[in-house]
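Chain residues, written in single-letter form:
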Amino acid sequence: MLCSTMMKRVCMLVCLFLLLIGVLAVSAEEQCSLDGSCSNVKPLKIVVIGASDGTTGGLFTVKALDSGHYVTAVARTPSRITKQHENLTVATGDVKHPLTLVEPMKGADVVIGAFGHRAFSDTFKTTTLYSDGARAVLDAMTEAGVKKLIMITSSGTSYMPGVGIVWDFILRPFMWRF
């Protein structure tokens, strides 16, 4: 039972991720054939907040670039974004400081909010990062004139090696009930 519940949640996250990529990949001018190949794709200008390597935002950035889009990857520590691509711009920004987000957002078609806690220990602390961060992102979007926002997270869905049996078999399954 535990295994099937875990798999359902992971599959749900993967499906959501693919749906988001699909939504971004299709435009009004696009014609797609049954084999999945598309023509007349209009590349989007995407801002990914929380795009550090190894994170959901980092994975999203790679997929968006591979799909031919222009990406501005925003992170508190830009050196954590090591991907190199001709359509990639790396910028410094922090959801705790909305003014740092305005410039990277200018001219964007859509903003992807993929920010979250980096440290596992922060998982158990009370936080307003997501609510305050979303508010800051919306304020920056208003200032920059961007109208579309997609928020994504993989919090609580991934396997974290080394955190122990208490997390794997007691805490995580308990948290998934709510």
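### Considering the sheet that holds strand β5 (residues 88-92)
1) Next: An order of β5-β4-β3-β6-β7 is seen for the 5 strands of this open sheet, with the pairing classed as parallel. Two strands close off the open sheet at either side, each with one partner strand: β5 and β7 (149-151). Recorded for the sheet is a direction-independent mean angle of 20° between the axes of neighbouring strands.
2) Next: Across 5 bridges, the pairing between strand β3 (residues 45-49) and strand β4 (residues 70-75) is parallel. Residue pairing across strands places Ile 49 opposite Val 74, the latter belonging to β4.
3) Next: Each of β3, β4, β5 and β6 (110-113) touches helix α2 (residues 56-66); the most contacted strand, β3, lies at about 165° to it.
4) Next: Packing against the sheet, helix α4 (residues 129-144) makes contact with β3, β6 and β7, and its axis sits at approximately 165° to β7.

### Observations regarding the pattern of salt bridges
1) Next: Within this structure, the stated rule accounts for 2 salt bridges.
2) Next: In this structure, Lys 106 and Glu 103 form a salt bridge, with 3.3 Å as the shortest nitrogen-oxygen distance.
3) Next: Classification of Lys 106 as partly exposed rests on a relative accessible area of 48%.
4) Next: For Glu 103, a relative accessible area of 55% translates into the label exposed.
5) Next: A salt bridge links Asp 132 to Arg 135, with the shortest nitrogen-to-oxygen separation between them at 3.0 Å. Here Asp 132 and its partner Arg 135 are both found in helix α4, 3 residues apart, which amounts to about one turn of the helix.
6) Next: A relative accessible area of 49% places Arg 135 in the partly exposed class.

### Quick notes on α4
1) Next: With 16 residues, α4 should cover 22 Å at 1.5 Å per step; its first-to-last C-alpha distance of 21 Å lies within 8% of that length.
2) Next: Where the residues of α4 are buried, they touch β3, α3 (99-105), β6 and β7.
3) Next: Note on α4: the residue one or two positions beyond its end, Gly 145, has a positive phi of about 80°.

### Considerations on the confidence of the model for the chain
1) Next: On average, residues of the chain score 78 in pLDDT, and 60% of them are at 70 or above.
2) Next: By mean pLDDT, the top-scoring element of the chain is β5 (97), and the lowest-scoring one is helix α1 (residues 2-25) (52).

### Topic: the side chain of Asn 87
1) Next: By secondary structure assignment, the location of Asn 87 is in the loop between β4 and β5.
2) Next: Look past the residues within four positions of Asn 87 in its chain and what remains in contact with it is Leu 65, Gly 68, His 69, Tyr 70 and Val 71.

How each quantity is defined
Residues numbered from 1 in each chain as written. Predicted model: local features only at pLDDT ≥ 70, side-chain atom pairs only at ≥ 80, totals over all residues. Heavy atoms only, no water. Pairing = 2+ DSSP bridges. Helix = DSSP H or I, 4+ residues; strand = E, 2+ residues; numbered from the N terminus. Axes fitted to C-alpha atoms, helices over the stretch in contact; angles between N-to-C directions. Contact = heavy atoms within 4.5 Å. Salt bridge = Lys/Arg side-chain N within 4 Å of Asp/Glu carboxyl O. Buried < 20%, exposed > 50% of the residue type's maximum accessible area, 1.4 Å probe, protein only. Expected span 1.5 Å × (residues − 1). pLDDT = per-residue confidence, 0-100.

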